[in-house]
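Next come the chains, spelled out residue by residue.
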Amino acid sequence: MKKVKIAQIGIGHDHAGCVMDSLLRQKELFEVAGFCVCKGEEEQYEACKDGVYSKAKRLSLEELLNTPGLDAVSVECNEKILTEHALLAVEKGLPVHMDKPGSEDPENYEKLMRTAKAKGLTVHLGYMYRYNPAVLRLMDIIQSGSLGEIYSVEAHMDCLHPAGKRQWLGQFPGGMMFFLGCHLVDLILRLQGVPEEIIPYNTSTGFDGVSSQDYGMAVFRYPNGISFAKTCAAEPGGFLRRQLVVCGEKGTVEIKPFESFLSSPKDEKNQMTDMSEIYKEEAEKGGWGYGADRKEYGPYNRYDAMMSSFAAMVRGEKKNPFSYEYEVLLHRVLLNACGVKVDYKQEIIL
């Protein structure tokens, strides 16, 4: 099996170091040619250069894009400049793994997808829950019809960030909704399709003098129910209350917590996910106190399956299940959840 020769553009995204670590560890899949530090990332690089990046060669952006035999690029710079750097790679004819959610400019984002489609190049987004084993099981359950018609999805993704990080969110429309809520919007859109209406309720807690929208919330109205995404950066214990509840006419599935760490955080497979299933027929027999069937999924590493799948796409062994059109739709729906009005019901022609 041919290794994928890959390089990483940028170190500024929150997932950057973990993605690089995954690439370096999966030696049977990847040959890491190096990485570049983008404009505005020097301070961040100084803080992390003795870690995972000490194991790879630093290049200039020009050197990276012109690396002989390069097969693909991972784009891990700050969200503001993700799209423009991904476009540089695509214009060079390189498949791209690009972290979420892209820049807030819908025209540039659609230009990226249009260019990639015309060239037949993979653009793979870094939504790690797409590879979460419990989420994959949930998708199988829904596909089987066991839940019946879905009428509601409740999605939470919370954490406790310091004041400086929460104020940093102010550079994005919708703040926390753009930064982490994008994961939840992806799940809701995949589970229920295009909503009839999107109502953003993003706000600021105001704690510690922070003025950004560090509390994100959006409501999605469907013909048969209401779904919501909630994400807060000021919630003590929020990481372990990250959850997804999917309600259908025949049953309910709850994933909570989305991820918990094992005792050794340095282990490459260091996370678990809990999921419970409860179905109408059994619940009716068991009464209000009927217990759900709860299972653990893992251990796993949230980045390894994501990057190994990208390698398979680059080698032509696997088709990206997320089309260019879907990624554009998701981007439009997310922007509306962030309070930016974009016509997400307009036909997407790339």
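Residues numbered from 1 in each chain as written. Predicted model: local features only at pLDDT ≥ 70, side-chain atom pairs only at ≥ 80, totals over all residues. Heavy atoms only, no water.

- Per an unreviewed UniProt entry, the protein chain goes by Gfo/Idh/MocA family oxidoreductase and derives from Candidatus Eisenbergiella merdipullorum.
- We quote the UniProt Sequence similarities (unreviewed entry) comment for the protein chain here in full: "Belongs to the Gfo/Idh/MocA family." (UniProt positions renumbered as here; feature names shortened; annotations may be inferred.)

### With respect to the overall build of the protein chain
Link 1 in the chain: When you go through the protein chain residue by residue, the secondary structure sums to 12 helices and 15 strands.
Link 2 in the chain: Compactness check: the protein chain gives a C-alpha radius of gyration of 20 Å against a globular reference of 20 Å for 350 residues, within 12% of the reference.
Link 3 in the chain: Here the C-alpha coordinates of the protein chain stretch approximately 65 × 45 × 45 Å along the principal axes.
Link 4 in the chain: A burial count over the protein chain gives 55% of its 350 residues as buried.
Link 5 in the chain: Residue pairs in contact within the protein chain that sit at least 24 positions apart in sequence constitute 71% of those at least 6 positions apart.
Link 6 in the chain: Just so you have it, the protein chain exposes about 15,200 Å², and 51% of that area is on carbon and sulfur atoms. (Helix = DSSP H or I, 4+ residues; strand = E, 2+ residues; numbered from the N terminus. Rg over C-alpha atoms; globule rule 2.2 N^0.38 Å. Buried < 20%, exposed > 50% of the residue type's maximum accessible area, 1.4 Å probe, protein only. Contact = heavy atoms within 4.5 Å. Areas by Shrake-Rupley, 256 points an atom, 1.4 Å probe, with all protein chains shown as cover.)

### Here we look at the UniProt feature "domain: Gfo/Idh/MocA-like oxidoreductase N-terminal" (unreviewed entry) in the protein chain
Link 1 in the chain: If you check UniProt for "domain: Gfo/Idh/MocA-like oxidoreductase N-terminal" (unreviewed entry), the listed places come out as residues 20-127 in our numbering.
Link 2 in the chain: The span residues 20-127 shows a helical share of 39% and a strand share of 18%, and its end C-alpha atoms are spaced 16 Å apart.

### A closer look at the side chain of Glu277
Link 1 in the chain: Summarising the element assignment, Glu277 is placed in strand 14 (residues 271-279).
Link 2 in the chain: For Glu277, the contacting residues outside a window of four places in its chain are Arg137, Ile141, Thr252, Val253, Ala292, Asp293 and Tyr297.

### A word on the sheet that holds strand 4 (residues 72-75)
Link 1 in the chain: On the basis of which strands lie adjacent, the open sheet formed by six strands has the order 3-2-1-4-5-6 and parallel pairing. Two strands close off the open sheet at either side, each with one partner strand: strand 3 (58-59) and strand 6 (123-125).
Link 2 in the chain: Two elements, strand 1 (residues 4-9) and strand 4, share four bridges in a ladder whose sense is parallel. Across the sheet, residue Ile9 finds its bridge partner in strand 4, namely Val75.
Link 3 in the chain: Along the sheet, helix 4 (residues 82-91) contacts strand 1, strand 4, strand 5 (96-98) and strand 6; its crossing angle with strand 5, the most-contacted strand, is approximately 175 degrees.
Link 4 in the chain: Running over the sheet, helix 5 (residues 106-119) touches strand 5 and strand 6 and is turned about 135 degrees from strand 6. (Pairing = 2+ DSSP bridges. Axes fitted to C-alpha atoms, helices over the stretch in contact; angles between N-to-C directions.)

### Structural notes on the pairing of strand 4
Link 1 in the chain: Side chains Ala72 and Ser74 project from strand 4 onto one buried face, and the interleaved Val73 and Val75 project onto a second face that is buried too.
Link 2 in the chain: Note: strand 4 against strand 5, three bridges, orientation parallel. Considered in strand 5, the bridge of Val75 is made with Met98.
Link 3 in the chain: Taken together, strand 4, helix 4 and strand 5 constitute a β-α-β crossover, and its handedness is right-handed. (Right-handed = clockwise from strand over helix to strand, strands pointing away.)

### Describing the pairing of strand 2 (residues 30-36)
Link 1 in the chain: Within strand 2, five of the seven residues are buried, which leaves the element mostly enclosed by the surrounding structure.
Link 2 in the chain: Direction of pairing for strand 1 relative to strand 2: parallel, over a ladder of six bridges. The residue bridging Gln8 from the neighbouring strand is Phe35, located in strand 2.
Link 3 in the chain: Of the crossover connections in this fold, the one passing from strand 1 over helix 1 (residues 16-25) to the parallel strand 2 is right-handed.
Link 4 in the chain: Both strand 2 and strand 3 contribute to a ladder of two bridges, which runs parallel. In the sheet register, Phe35 faces strand 3, and the bridge partner there is Arg58.
Link 5 in the chain: A crossover links strand 2 with its parallel partner strand 3, the connecting element being helix 2 (residues 42-48), and its sense is right-handed.

### Structural notes on the packing of aromatic side chains
Link 1 in the chain: Counting across every chain of the model gives eight aromatic pairs.
Link 2 in the chain: A centroid spacing of 4.9 Å and a plane angle of 50 degrees characterise the contact between Phe35 and Tyr53, whose relative ring orientation is tilted. One end of the pair, Phe35, is in strand 2; the other, Tyr53, is in the loop between helix 2 and strand 3, with 18 residues separating them in the sequence. You'll find Phe35 and Tyr53 in the same group, each marked buried.
Link 3 in the chain: Ring pairing ties together the aromatic residues Trp168, Phe172, Phe178 and Phe179, which thus form one cluster.
Link 4 in the chain: Note that Arg58 overlies the ring of Tyr45, its terminal NZ or CZ placed 4.7 Å from the centroid. (Phe/Tyr/Trp six-rings, centres within 6.5 Å; stacked < 30°, edge-to-face > 60°. Lys NZ or Arg CZ within 6 Å of the ring centre and 35° of its normal.)

### Some thoughts on the UniProt feature "domain: GFO/IDH/MocA-like oxidoreductase" (unreviewed entry) in the protein chain
Link 1 in the chain: Residues annotated by UniProt as "domain: GFO/IDH/MocA-like oxidoreductase" (unreviewed entry) correspond here to residues 136-254.
Link 2 in the chain: The distance separating the terminal C-alpha atoms of residues 136-254 is 13 Å; by composition the span is 26% helix and 31% strand.

### A closer look at the nonpolar core
Link 1 in the chain: Core analysis: the biggest nonpolar cluster contains 97 residues, and Leu64, Leu138, Phe220 and Leu244 have the highest contact counts within it.
Link 2 in the chain: Of the residues forming this core, the biggest block, nine residues, is contributed by helix 12 (residues 324-337).
Link 3 in the chain: Residues Met20, Leu24, Phe35 and Tyr45 belong to the second largest nonpolar core, which totals 10 residues. (Core = buried A, V, L, I, M, F, W, Y, C linked by side-chain atoms within 4.5 Å.)

### Structural notes on helix 9 (residues 181-192)
Link 1 in the chain: Compared with an ideal rise of 1.5 Å per residue, which puts 12 residues at 16 Å, helix 9 spans 16 Å between its outermost C-alpha atoms and is within 8% of the ideal.
Link 2 in the chain: Burial analysis of helix 9 places 11 of its 12 residues in the buried class, the great majority of the element.
Link 3 in the chain: Of the positions making up helix 9, those classed as buried are Gly181, Cys182, His183, Leu184, Val185, Asp186, Leu187, Ile188, Leu189, Leu191 and Gln192.
Link 4 in the chain: Once helix 9 finishes, Gly193 follows within two positions and takes phi at roughly 85 degrees, a positive value. (Expected span 1.5 Å × (residues − 1).)

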